[in-house]
Amino acid sequence: MHPPPPTAAAMDFSQNSLFGYMEDLQELTIIERPVRRSLKTPEEIERLTVDEDLSDIERAVYLLSAGQDIQGTSVIANLPFLMRQNPAETLRRVLPKVREVLHVAGVEMQLTAAVSFLTILQEESVSIHAYAHSFLQVILLHLEHRDAGVSNAWLETLLSVIEALPKETLRHEILNPLVSKAQLSQTVQSRLVSCRILGKLTNKFDAHTIKREILPLVKSLCQDVEYEVRSCMCRQLENIAQGIGTELTKSVVLPELIELSRDEGSSVRLAAFETLVNLLDIFDTDDRSQTVLPLVKSFCEKSFKADESILISLSFHLGKLCHGLYGIFTPDQHLRFLEFYKKLCTLGLQQENGHNENQIPPQVLEQEKKYISVRKNCAYNFPAMIIFVDPKNFHMELYSTFFCLCHDPEVPVRYTIAICFYEVLDALIDHLPEILELMSTGGESSSQENKLSALPDLIPALTAAEQRAAASLKWRTHEKLLQKFACLPQIISSDQIYYRFLQRMFTIMMTNNVLPVQKAASRTLCIFLRYNRKQEQRHEVIQKLIEQLGQGKSYWNRLRFLDTCEFIIEIFSKSFFCKYFFLPAIELTHDPVANVRMKLCYLLPKVKSTLTIPADKHLLQQLEMCVRKLLCQEKDKDVLAIVKRTVLELDRMEMSMDAFQKKFYEKDLLDQEKEREELLLEMEQLEKEKQQNDGRPLSDKIFEKKRRDSKTPTLLPKSTPVSVPGPSSATPSTSKEIKKSKLIRSQSFNNQAFHAKYGNLDKCSGKSSTSGYTPSASSLAKTSMISLTDESFRNRNASSVPTSFSPNTPLPSTSCGTSNPVDPKSSGSKDTQPRKTTLKSRKSNP
């Protein structure tokens, strides 16, 4: 056979096609050129090669002496490591080479050295005296580097060093030379550095030294001929005022601030204004009213005529200013400042005309950006302005401004006002419960029936917010939002939660790929279930949890079921967990996936803590047999190791009893309260029908009856032990009790089906003692018949399943109450008939 003829595309050798191929080849050539240029020649490789036998110190000295700049920079970056490894040799051999290199070093090496010196100080690799002797002079030498970035890096390192140096070192090495460095004859950069150092030194000396040696320098720099120096020194007056105290501040600092606030330079006036605002707490009422307020008033009046940068700073500090001067305003001044704030909130909005940005001159665009910053700062200060006008006057004074900020055309402004009031997703979440409560009640208490009657759009907004968070990449936001949804039972009705939120929680648990989000949805779902007021809905949710998670095909869903069980133990009463989730949980000991069995082992101590003796002794036996089976048949070594550790923990646990126990008193009271609330919720529909007996609500009667049926009396004789130890300690048991329990099991054996999953548990009872798990004496006496307990106990409570459920999928129930046996034919178990045959054969051979 001949190959098929080439297609027209394959045979296209036209001129256009060839030119296309050549262009592609040229592009590949261009891409490859930088790679070729980056390759090193043999000579360059030879120069970069270092003997591998050299020690770290010798290699550092060699590279600093003969290496290239990039190698020297690498050595300086590695200097903190050398100091930790061998500080003496590093100071003796490496540091002198570093000093030599830094004299001619470039910007990158200088910045690296500043960071390394600071790291050595922070790690305390040497004493502070050794550090000052070896490193301080190098830092001071490079403070006036010609590059501003390098100079600032060394200055930041020096300011951190000042915090650690002793006073004598500061005086001799820094303060004394500073007198000459701050003179007008020095460079502007030198005087700027002096301003920053003076602001730091103030907190290191006493008031007498500051007044005699530092304040004269401060006054001199405040009157410097360069506005940059005056502005820099003005910004350090705040630190100086905090170091010298109130009296010197009023007599020295305040006059300088007043003079600087009238300076010809706008940056100096701005620095004076910001410093005054930050020092409001230091000044008394007279200084505020007679000195500060007139200055601030004049500054605000001139701000619209000045540069927009002043408006940006003023709008940022306006909230703090109004709060600091609150109480000294006259009504007229109060109104003026409020109107000034309102004017700033709309600054620039009147100029919008819908023109294309490409048609607007650059200077106008820059001005609009400054106006946006002003409005953003106003949004930031909005809560402070609410206090300024009094919350009672909010609707009359600030609501229109609030509306304007919320509908600002710029996103940063709307986002900032939302952060202040928690109205966007990220900002709302932390305070969602409080906000929803106030929104639903209008600030006043309201009945359950009237919840959210005035806010019909809130539930759609919440669901939309959750979907938006789920669709984003911010899974932490989604997790936090789901956690805060736990407040919804206090806000909206259980029907609204059931129809609008419950199924969504199920979907997240089963489909979301982020584990924290799944756990948050699981816990919130448990809280929804806890406060659901309709028994049919509660049972439906329980059934879905067991069938879709606990018995799900995906092992991931079964893991989430165990997480849900842990939340149920935390949120619900012990009896609730034992009734619905105990058996489905311990059935996972048969799970084919090792991770599921491992997670169950971690959960078993909490599962055991839900049992109460003697009412839950049958469930305790089930738990013991599950542990026995794991010890005997577990093949995974990791799971087996966890099982053994869990057995020791179970062995040390003390169990709660029906009788009063002082050590469990608070926990038992809390559990009883949970149980009562659950019963009240279940009986709410009957309560509404006003079915009362003896003048009491039906729920009280049923609650007491349930406790009488399933619990022993609270007051027991003194001879009764107040706590029952875990499985390792022997429980008092008479031969009559053992015979009686065997008789009961024999009767249930004749009437009830046997569950398939627990049929062979008794096979390993003889091996368990070698694994370190020693059950109680009563459980040992019942080992031969214990496997009968599971299905008989389960079937005893089948009648408690609501009629709304399908008989083919009955809700698991492990309640300790008694009821009529269930006909094996109605159990729906595939293993019913074979189990009967096996049991009969055993019975015939006692």
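Residues numbered from 1 in each chain as written. Predicted model: local features only at pLDDT ≥ 70, side-chain atom pairs only at ≥ 80, totals over all residues. Heavy atoms only, no water.

**Things to note about the overall build of the chain**
Our working rule: The way it works is that DSSP assigns letters per residue, a run of H or I at least four long becomes a helix, a run of E at least two long becomes a strand, and they are numbered from the N terminus. Exposure classes here rest on a 1.4 Å probe applied to the protein chains alone. A residue is buried below 20% of its type maximum, exposed above 50%, and partly exposed in between. The contact criterion used throughout is that any non-hydrogen atoms of two residues lie within 4.5 Å. For the area figures, the Shrake-Rupley method with a 1.4 Å probe applies, and any residue is considered shielded solely by the protein chains shown.
Summing up its helical and strand segments, the chain has 43 helices and five strands in all. With 846 residues in all, the chain has 45% of them scored as buried. Here the contacts in the chain between residues at least 6 apart in sequence split such that 72% fall between residues at least 24 apart. By element, 53% of the accessible surface of the chain is carried by carbon and sulfur atoms, the whole surface being about 45,000 Å².

**Regarding the packing of aromatic side chains**
Where we set the bar: The rule is short: rings of Phe, Tyr and Trp, with Trp giving its six-membered ring, pair when the centres are within 6.5 Å, and they are stacked under 30 degrees, edge-to-face over 60, tilted in between. Charge-over-ring contacts are defined here by two conditions on Lys NZ or Arg CZ: a distance within 6 Å of the ring centre and an angle within 35 degrees of the ring normal.
Going through the model one piece at a time under the given rule, you end up with 21 aromatic pairs. Ring centres of Phe 316 and Tyr 380 lie 5.5 Å apart, and the angle between their planes is 5°; on these two criteria the pair is classed as stacked. Pair noted here: Phe 316 is in helix H17 (residues 308-324) and Tyr 380 is in helix H19 (residues 362-380), with a separation of 64 residues, a long-range link. Taking 6.2 Å as the distance between ring centres and 70° as the angle between the ring planes, the aromatic pair formed by Tyr 326 and Phe 388 counts as edge-to-face. With Tyr 326 in the loop between H17 and helix H18 (331-345) and Phe 388 in helix H20 (residues 382-389), the pair connects residues that are 62 residues apart, well separated along the chain. The structure contains a cluster of three or more aromatic residues connected by ring pairs, namely Phe 561, Phe 572, Phe 576, Phe 577, Tyr 580, Phe 581 and Phe 582. Between the NZ or CZ atom of Arg 530 and the centre of the ring of Tyr 531, over which it lies, the distance is 5.4 Å. Positioned above the aromatic ring of Trp 556, the side-chain terminus of Arg 560 is 4.6 Å from the ring centre.

**Concerning the confidence of the model for the chain**
Any region with low pLDDT has predicted coordinates that should not be read closely. For the record, the criterion: Per residue, pLDDT measures the predictor's confidence, with a range of 0 to 100.
Taken over all residues, the pLDDT of the chain has a mean of 75, while the share at 70 or more is 69%. The low-confidence segment residues 1-22 (pLDDT under 50) makes four contacts with residues lying over four places distant or belonging to another chain. This stretch, residues 705-846, has a pLDDT under 50; its non-local contacts, to residues over four places away or in other chains, come to 208 contacts.

**With respect to the packing of helix H9 (residues 148-164) against helix H11 (residues 188-201)**
Where we set the bar: Lines are fitted to the C-alpha atoms to define the axes, a helix being fitted only along its stretch in contact, and any angle between axes, read from their N-to-C directions, falls within 0 to 180 degrees. Angle categories are assigned with fixed cut-offs, so that under 35 degrees is roughly parallel, over 145 is roughly antiparallel, 65 to 115 is roughly perpendicular, and the rest are oblique. When the near helix sits turned anticlockwise from the far one by under a right angle, the crossing is termed left-handed; a clockwise turn instead gives a right-handed crossing.
It is at 10 Å that the axes of H9 and H11 come closest, and there the two elements cross at 25°. Taken together, the axis directions place H9 and H11 in an arrangement best described as roughly parallel. Relative to H11, the crossing made by H9 is right-handed. Each of Ser 151, Asn 152, Leu 155, Glu 156, Leu 158, Leu 159, Ile 162 and Glu 163 in H9 lies in contact with H11, whose residues at this interface are Gln 189, Val 193, Arg 196, Ile 197, Lys 200 and Leu 201.

**Some points on helix H7 (residues 107-123)**
Helical geometry: 3.6 residues make up each α-helical turn, so side chains three or four residues apart lie on a common side. The condition that has to hold: By this rule, a helix spans an expected 1.5 Å times one less than how many residues it contains.
Taking 1.5 Å of rise per residue, the 17 residues of H7 would be expected to cover 24 Å, and the 25 Å separating its terminal C-alpha atoms lies within 8% of that figure. Among the residues making up H7, those that are buried are Met 109, Gln 110, Thr 112, Ala 113, Ala 114, Ser 116, Phe 117, Leu 118, Ile 120 and Leu 121. At its buried positions, H7 is contacted by helix H4 (69-77), helix H5 (79-85), helix H6 (87-102), helix H8 (128-141) and H9. Immediately downstream of H7, the backbone of Glu 124 shows phi near 55°, a positive value.

**Details of the environment of Val 647**
Take Val 647: it is sitting in helix H36 (residues 637-652). The exposure class assigned to Val 647 is buried, which follows from its relative accessible area of 2%. When the C-alpha positions of Val 647 and Leu 604 are compared, they lie 9.2 Å apart, and in sequence the two are 43 residues distant.

**Some thoughts on the pattern of salt bridges**
Selection rule: A pairing counts as a salt bridge when a side-chain nitrogen of Lys or Arg comes within 4 Å of a carboxyl oxygen of Asp or Glu.
All chains considered together, the criterion is met by 25 salt bridges. Across the salt bridge formed by Lys 250 and Asp 284, the nearest N and O atoms sit 3.1 Å from each other. Residue Lys 250 is found in helix H14 (residues 246-260), and its partner Asp 284 is found in the loop between helix H15 (266-278) and helix H16 (285-303); the two are separated by 34 residues along the sequence. Residue Lys 342 pairs with Glu 339 through a salt bridge whose shortest N-O separation is 3.8 Å. Residue Lys 342 and its partner Glu 339 are located together in helix H18, separated by three residues, close to a single helical turn. On the basis of relative accessible area, Lys 342 is assigned to the buried category, the value being 19%. The class for Glu 339 is partly exposed, based on a relative accessible area of 39%. One network of salt bridges, with partners in common, ties together Arg 171, Arg 212 and Glu 213.

**Concerning a nonpolar patch on the surface**
Selection rule: A patch consists of residues whose relative accessible area exceeds 30% and which take part in no salt bridge; residues with like charges are grouped when within 9 Å of each other, and nonpolar side chains (Val, Leu, Ile, Met, Phe, Trp, Tyr) when within 5 Å.
A cluster of nonpolar side chains, namely Val 411, Tyr 415 and Ile 419, defines an oily patch on the protein surface of about 270 Å² accessible area. Counting through the fold element by element, Ile 419 comes out in helix H23 (residues 411-421). By relative accessible area, which is 39% here, Ile 419 ends up partly exposed.

**Considering the packing of H6 against H7**
Stated precisely, the cut-off is as follows: Charged means Asp, Glu, Lys or Arg here, nonpolar means Ala, Val, Leu, Ile, Met, Phe, Trp, Tyr, Cys or Pro, and polar covers whatever is left, Gly included.
Running from N to C, H6 and H7 point in directions that differ by 145°, and their axes come no closer than 11 Å. The handedness of the crossing between H6 and H7 comes out as left-handed. Counted together, Leu 95, Val 98, Val 101 and Leu 102 of H6 and Met 109, Gln 110, Ala 113 and Phe 117 of H7 form the full contact between these two elements. Considered class by class, the residues forming the contact of H6 with H7 number seven nonpolar, one polar and no charged.

**Description of the nonpolar core**
Defined as follows: What we call a nonpolar core is a set of buried Ala, Val, Leu, Ile, Met, Phe, Trp, Tyr and Cys residues that are connected through their side-chain atoms within 4.5 Å.
Phe 117, Ile 197, Leu 201 and Phe 337 are the most contacted members of the largest nonpolar core, which has 118 residues in total. No other element matches the eight residues that helix H13 (residues 227-244) contributes to this core. Beyond its immediate chain neighbours, meaning those up to four positions away, Phe 117 contacts Leu 79, Leu 95, Val 98, Tyr 131, Phe 135, Val 138, Ile 139, Trp 154 and Thr 157.

**What about the side chain of Thr 249?**
Looking at the element boundaries, Thr 249 is found in helix H14. In this structure Thr 249 comes out as buried when scored by relative accessible area, which is 0%. With residues up to four places along the chain from it excluded, the contact list for Thr 249 reads Ala 241, Ile 244, Leu 254, Pro 255, Ile 282 and Phe 283.

**So, the environment of Tyr 131**
With respect to the helices and strands, the residue Tyr 131 is situated in helix H8. A relative accessible area of 1% means that Tyr 131 is categorised as buried. Sequence spacing of Tyr 131 and Val 161 is 30 residues, and the spatial spacing of their C-alpha atoms is 9.3 Å. Residue contacts for Tyr 131: discarding those within four places in its chain leaves Phe 117, Leu 118, Ile 120, Leu 121, Val 126, Leu 136, Ile 139 and Val 161.

**Quick word on H36**
Definition in use: The directions from the helix axis to the C-beta atoms are what the arc is built from.
Between the first and last C-alpha of H36 there are 23 Å, a value that for 16 residues agrees with the 22 Å anticipated at 1.5 Å per step. For H36, every residue scored as buried is listed here: Val 639, Ile 642, Val 643, Thr 646, Val 647 and Leu 650. In a view along the axis of H36, the buried residues occupy a sector of 150°, so they form one face of it. Seen from the buried face of H36, the exposed residues on the opposite side, beyond 90 degrees, are Lys 637 and Arg 652.

**As for unusual backbone geometry**
A cis amide bond, omega 5°, links Ile 613 with the succeeding residue Pro 614. Mapped onto the elements of the fold, Pro 614 is located in the loop between strand E1 (612-613) and helix H35 (617-633). A positive phi angle is found at Glu 124, which is not glycine, with a value near 55°. Tracing the chain through its elements places Glu 124 in the loop between H7 and H8. The phi dihedral of Asp 390 is positive, around 80°, even though this residue is not glycine. Looking at where Asp 390 falls in the secondary structure, it is placed in the loop between H20 and helix H21 (394-397).

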